[in-house]
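Next come the chains, spelled out residue by residue.
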Amino acid sequence: EDPSLEKHFKGHRDAITSVDFSLNKKQLASGSMDSCLMIWSMRPQMRAYRFVGHKDAVMCVQFSPSGHLVASGSRDKTVRLWIPSVKGESTVFKAHTATVRSIHFSSDGQSLVTASDDKTIKVWTVHRQKFLFSLSRHINWVRCARFSPDGRLIVSASDDKTIKLWDKTSRECIHSFCEHGGFVNHVDFHPSGTCIAAAGTDNTVKVWDVRMNRLLQHYQGNAAVNSLSFHPSGNYLVTASNDSTLTILDLLEGRLLYTLHGHQGPATCVAFSRAGDLIASGGSDEQVMVWKTNFDAADYGDVLKTQKSGASVDGAHHTLQSEMDCDVHLKKTKPQASGRNQEQQEEETSLANTLEHIMGQLDVLTQTVSILEQRLTLTEDKLKECLENQQKIIQNKMS
């Protein structure tokens, strides 16, 4: 069955720049050149929220891993953290000295990495909303920066025609890939963390091994590629291009699987949902679209399970191992009926739900603490002023 258009969201008043699904797929966030952030509900008859706060185009949006915060970066040089609810409250931090092009949470939700036209990449703590450090070896705008799945590496793409790989702990640049004919619009890590994919203005998608620093795959398209997203199984890649199409690439077979037509004008951004069953895309036509992937779940269901448990599945399909040298096998066989009892599965589900709830509560607390901290600082300043005045009065009396 081919992928099909599921939903169509209209409400932005300018080109869409960025889309992202929440963990539970109940919400979809989009950023636009109209300076607004929108949160769309995937449930029917639920209204969308429009968040206003940025003074200029919103360039990037992302849900935190728990789904209880949304981060956005803007041409107004700031980053905002929002609670995706009716109120749409946000805290703002002055992030860069130029447009913030890209924002990304680490997979534990503790850190944020931002990339900017000021040629730097910056890393922040989410809970204290404090700036940690800058990476500044690029000599032109930085369009995109992403954490590796384990959070130890950062990859960045710049208009200086390099893709740089950084060690987060030592803050050193480990490697520069300089092979692109054009600029790199977007870069991301494969879910296994062993490779990266880069979308180029030279109409190509390239997949590199970050352990051997060599090119693994090279796809030639018909137009500049603006954005890409890995399927959580690591077996597929979806791209958004200037010729208004989305393409789904089969990384195991190394070929184009589907081309999706829907946008009028350039397709600007694309993202798989965290379960991989949906794709969201945005275009310069101001529209946000949601597609059902309709992949055979048996193809990747097992892979997802084992990636979570950290074990390795042995499958009949070893192409990925040889071709891409990544630590994932694809199992083509239908999964056997599992011998595990219903109770155990239910327990695991309820445990997962509880954990997700706790993470959410933490995120909300973070926001509250951050607002309180801001107020506390004001109070401390006032107190200091009072004490200083008191000192002066005492000194005057004594003299």
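Computed from a predicted structure; not experimentally measured.

A. Geometry of the overall build of the chain. The helix and strand inventory of the chain stands at three helices and 28 strands. Within the span of the chain, comprising 399 residues, buried residues form 53% of the whole. Of the contacts formed within the chain by residues at least 6 apart in sequence, a portion of 47% connects residues at least 24 apart. Taken as a whole, the chain presents about 18,800 Å² of accessible surface, with 51% of it coming from carbon and sulfur.

B. Highlighting a negative patch on the surface. Where like charges cluster on the molecular surface, the negative patch consists of Glu 380, Asp 381, Glu 385 and Glu 388. Summarising the element assignment, Glu 380 is placed in helix α3 (residues 342-398).

C. Seen up close, the pattern of salt bridges. In total, this model carries nine salt bridges according to the counting rule given. Between Lys 292 and Glu 6 there is a salt bridge whose closest N-O contact spans 3.6 Å. In this pair, Lys 292 is assigned in strand β28 (residues 287-292) and Glu 6 in strand β1 (residues 4-10), connecting sequence segments 286 residues apart. Classification of Glu 6 by relative accessible area gives partly exposed; the value is 40%. Of the charged contacts in the structure, one is a salt bridge between Asp 159 and Arg 143, with a shortest N-O distance of 2.8 Å. Note that Asp 159 is positioned in the loop between β15 (153-158) and β16 (163-167) and Arg 143 in strand β14 (residues 142-147), a separation of 16 residues in sequence. Accessibility expressed as a relative area gives 10% for Asp 159, which makes it buried.

D. Broad picture of the sheet that holds strand β18 (residues 184-189). Strands sit in the order β18-β19-β20-β21 across an open sheet of four strands; the sheet is antiparallel. Each having just a single partner strand, β18 and β21 (214-220) make up the two edges of the open sheet. Between one strand axis and the next, the sheet turns by 20° as a mean value, whatever way the strands run. When β18 meets strand β19 (residues 195-200), the two strands line up antiparallel, connected through five bridges. Along β19, the bridge assignment pairs Phe 189 with Ile 196.

E. Layout of the confidence of the model for the chain. When pLDDT is averaged along the chain, the result is 85; 86% of the residues meet or exceed 70. Within the model, pLDDT remains below 50 along residues 306-339, and this stretch shows 72 contacts once partners closer than five positions in the same chain are excluded.

F. Highlighting the side chain of Ser 106. In this structure, Ser 106 sits in the loop between β10 (100-105) and β11 (111-116). Leave out the neighbours within four places in its chain, and Ser 106 touches Pro 65, Ser 111 and Phe 147.

Quick notes on the rules
Residues numbered from 1 in each chain as written. Predicted model: local features only at pLDDT ≥ 70, side-chain atom pairs only at ≥ 80, totals over all residues. Heavy atoms only, no water. Helix = DSSP H or I, 4+ residues; strand = E, 2+ residues; numbered from the N terminus. Buried < 20%, exposed > 50% of the residue type's maximum accessible area, 1.4 Å probe, protein only. Contact = heavy atoms within 4.5 Å. Areas by Shrake-Rupley, 256 points an atom, 1.4 Å probe, with all protein chains shown as cover. Patch = residues over 30% accessible without salt bridge, like charges linked within 9 Å, V, L, I, M, F, W, Y side chains within 5 Å. Salt bridge = Lys/Arg side-chain N within 4 Å of Asp/Glu carboxyl O. Lys, Arg positive; Asp, Glu negative; His and termini not counted. Charge placed at Lys NZ, Arg CZ, Asp CG, Glu CD. Pairing = 2+ DSSP bridges. Axes fitted to C-alpha atoms, helices over the stretch in contact; angles between N-to-C directions. pLDDT = per-residue confidence, 0-100.

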